[in-house]
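Overview (structure and organization)
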Amino acid sequence: MADLKLLYEGKVREVYDNGDSLIMVATDRISAFDNILKNKITDKGAVLTQMSRFWFDFTKDIVQNHMLSVDVKDMPEFFHKAEYTGNSMKVKKLSMLPIECIVRGYITGSGWESYKKNGTVCGIKLPEGLIESDKLPEPIYTPSTKAEIGDHDENISYEQSIEVLERKYPGKGREYASKLKEYTIMLYKKCAEYALGKGIIIADTKFEFGLDENGEIVIGDEMLTPDSSRFWPLEGYEPGKGQPSFDKQFVRDWLKANPDNDLLLPQEVIDKTIDKYKEAYELLTGKAFVR
């Protein structure tokens, strides 16, 4: 146990060194607008972990992932506690690639704001006449650089992503950039089609990839959770306006409407948020959420 070391503590995640593997713990903390809020959202971490587990299993035919186990019995005794059950994942160690792989299937958020100004999203020219929340003719890949805590990610072009990767992996930048784009679009298309059949629109999402010990590209971090994606209910979907969501947009909207919030949410917002997370999990997996 003396070897178990907290390697990283992010906004909502803790990562422990477990020798030849890592233990990722999704906490019940919640962040919005690059701030960690003072409240915790009970069971949020477990919902995110179980949802990632579902998607990792669902997409392993496209690209391998870093998941080894979500059973605490496969982890050191330190994790054999209620607070770590359901929200911890034992994963492979990866060398993470310095690109956030964002894919957008619908026009919303910052993409919509950009399109209204100049008809582009992250420099990609889109057809004229789109309205807010429209489905795009084809999903678009809009990578960004990874930011440190407190900083903002920076949107970059595909060509710039090649340069970023080339700097870290000389001679491999173009190959890695091409694979990241290909995997990102393939993953999104498969999962978005599946989710649509379960009554959920995946408007956009982000993936993170790394290299395993054999130099193969592997998907890491979390996958298609309400924290890394925009989920909309298919029922009632109507382009031309913002959509209700299963993600933390509810929290963002409340914070915007209450600027003197002191990063503190009312209980009603906490309850509605976790209810939305659990509803999304149950719709997508067809299973009741059990921690």
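In this report, the structure presented in the accompanying data block is examined. (Residues numbered from 1 in each chain as written. Predicted model: local features only at pLDDT ≥ 70, side-chain atom pairs only at ≥ 80, totals over all residues. Heavy atoms only, no water.)

1. What about the sheet that holds strand E2 (residues 13–17)?
- Spatial strand order, E1-E2-E3-E7-E6: 5 strands in an open sheet with antiparallel pairing. The strands lining the two open edges of the sheet, one partner per strand, are strand E1 (5–9) and strand E6 (67–69). Sheet twist, expressed as the average angle between the axes of neighbouring strands with direction ignored, equals 35 degrees.
- Helix H1 (residues 44–59) contacts strand E3 (21–26), E6 and strand E7 (88–92) of the sheet and is inclined by roughly 40 degrees relative to E7. (Pairing = 2+ DSSP bridges. Helix = DSSP H or I, 4+ residues; strand = E, 2+ residues; numbered from the N terminus. Axes fitted to C-alpha atoms, helices over the stretch in contact; angles between N-to-C directions. Contact = heavy atoms within 4.5 Å.)

2. Concerning the environment of Lys179
- Residue position: Lys179 is located in helix H4 (residues 173–197).
- The spatial distance from the C-alpha of Lys179 to the C-alpha of Ile217 is 8.2 Å, given a sequence separation of 38 residues.

3. A closer look at the side chain of Ser144
- With respect to the element layout, Ser144 can be found in strand E13 (residues 144–145).
- Residue class for Ser144 comes out buried when judged on its relative accessible area of 0%.
- The contact partners of Ser144, leaving out residues within four places of it in the chain, are Pro98, Ile99, Glu100, Ile102, Asp153, Glu154, Asn155 and Ile156. (Buried < 20%, exposed > 50% of the residue type's maximum accessible area, 1.4 Å probe, protein only.)

4. Remarks on the packing of helix H5 (residues 249–257) against helix H6 (residues 267–285)
- Between H5 and H6, the shortest axis-to-axis distance is 9 Å and the interhelical angle comes to 155 degrees. For the element pair H5 / H6, the angle class is roughly antiparallel. Between H5, through Phe250, Val251 and Trp254, and H6, the contact on the second element is made entirely by Val269, Lys272 and Thr273.
- Looking at side-chain class alone, the contact of H5 with H6 contains 4 nonpolar, 1 polar and 1 charged residues. (Parallel < 35°, antiparallel > 145°, perpendicular 65-115°, else oblique. Nonpolar A, V, L, I, M, F, W, Y, C, P; charged D, E, K, R; others polar.)

5. Examining the pattern of salt bridges
- On inspection of all chains with the given rule, the structure shows 22 salt bridges.
- Of the charged contacts in the structure, one is a salt bridge between Arg13 and Glu222, with a shortest N-O distance of 3.5 Å. Of this pair, Arg13 sits in strand E2 while Glu222 sits in the loop between strand E16 (217–220) and strand E17 (229–233), placing them 209 residues apart in sequence. Neither residue differs from the other here; Arg13 and Glu222 are each classed as buried.
- Between Arg291 and Asp43 there is a salt bridge whose closest N-O contact spans 3.2 Å. In this pair, Arg291 is assigned in the segment after H6 and Asp43 in the loop between strand E5 (35–40) and H1, connecting sequence segments 248 residues apart. (Salt bridge = Lys/Arg side-chain N within 4 Å of Asp/Glu carboxyl O.)

6. Some points on H4
- Between its first and last C-alpha, H4 extends 36 Å over 25 residues, near the 36 Å set by a 1.5 Å rise per residue.
- The complete set of buried residues in H4 reads Gly173, Tyr176, Ala177, Leu180, Tyr183, Thr184, Ile185, Leu187, Tyr188, Cys191, Ala192 and Ala195.
- Just downstream of H4 lies Gly199, where phi reads positive at about 90 degrees. (Expected span 1.5 Å × (residues − 1).)

7. Things to note about the packing of aromatic side chains
- Tallying each qualifying case throughout the model produces 19 aromatic pairs.
- Aromatic pair Phe54 and Phe58: ring centres 6.0 Å apart, planes at 10 degrees, arrangement stacked. On the criterion of helical spacing, the pair formed by Phe54 and Phe58 is a turn pair, its members being 4 residues apart in helix H1.
- On the basis of relative accessibility, which here comes to 22%, the residue Phe58 falls in the partly exposed class.
- Ring centres of Phe58 and Tyr194 lie 4.7 Å apart, and the angle between their planes is 50 degrees; on these two criteria the pair is classed as tilted. Here Phe58 is found in helix H1, whereas its partner Tyr194 is found in helix H4, with 136 residues between them in sequence.
- An aromatic cluster of three or more residues is present, and its members are Tyr16, Phe78, Phe79 and Tyr84. (Phe/Tyr/Trp six-rings, centres within 6.5 Å; stacked < 30°, edge-to-face > 60°.)

8. Focus on the packing of H1 against H4
- With their axes 11 Å apart at the nearest point, H1 and H4 run at an angle of 115 degrees to one another. When the axes of H1 and H4 are compared, the pair comes out roughly perpendicular. As for the relative orientation of H1 and H4, their crossing is right-handed in sense. For the pair formed by H1 and H4, the contact residues are Phe54, Trp55, Phe58 and Thr59 on the first element and Leu187, Lys190, Cys191 and Tyr194 on the second. (Left-handed = near helix turned anticlockwise from the far one by under 90°.)

9. Describing the side chain of Glu208
- Residue placement: Glu208 occurs in strand E15 (residues 200–211).
- The buried category is assigned to Glu208, whose relative accessible area is 11%.
- Polar contacts involving the side chain of Glu208 include one to the side chain of Lys206, which spans 3.5 Å.
- Among all residues touching Glu208, those that are not within four sequence positions of it are Met96, Glu100, Lys146, Val218, Ile219, Gly220 and Asp221. (Polar contact = N/O pair within 3.5 Å; in protein donor to acceptor, adjacent residues only side chain to side chain.)

10. Details of helix H3 (residues 158–168)
- Taken as a whole, H3 has its buried residues at Ser161, Ile162, Val164 and Leu165. For H3, the buried positions fall inside an angular range of 165 degrees around the axis, keeping them on one side.
- Structurally, H3 contributes buried residues whose contacts are with strand E9 (99–106), E13 and H4. (Arc of directions from axis to C-beta.)

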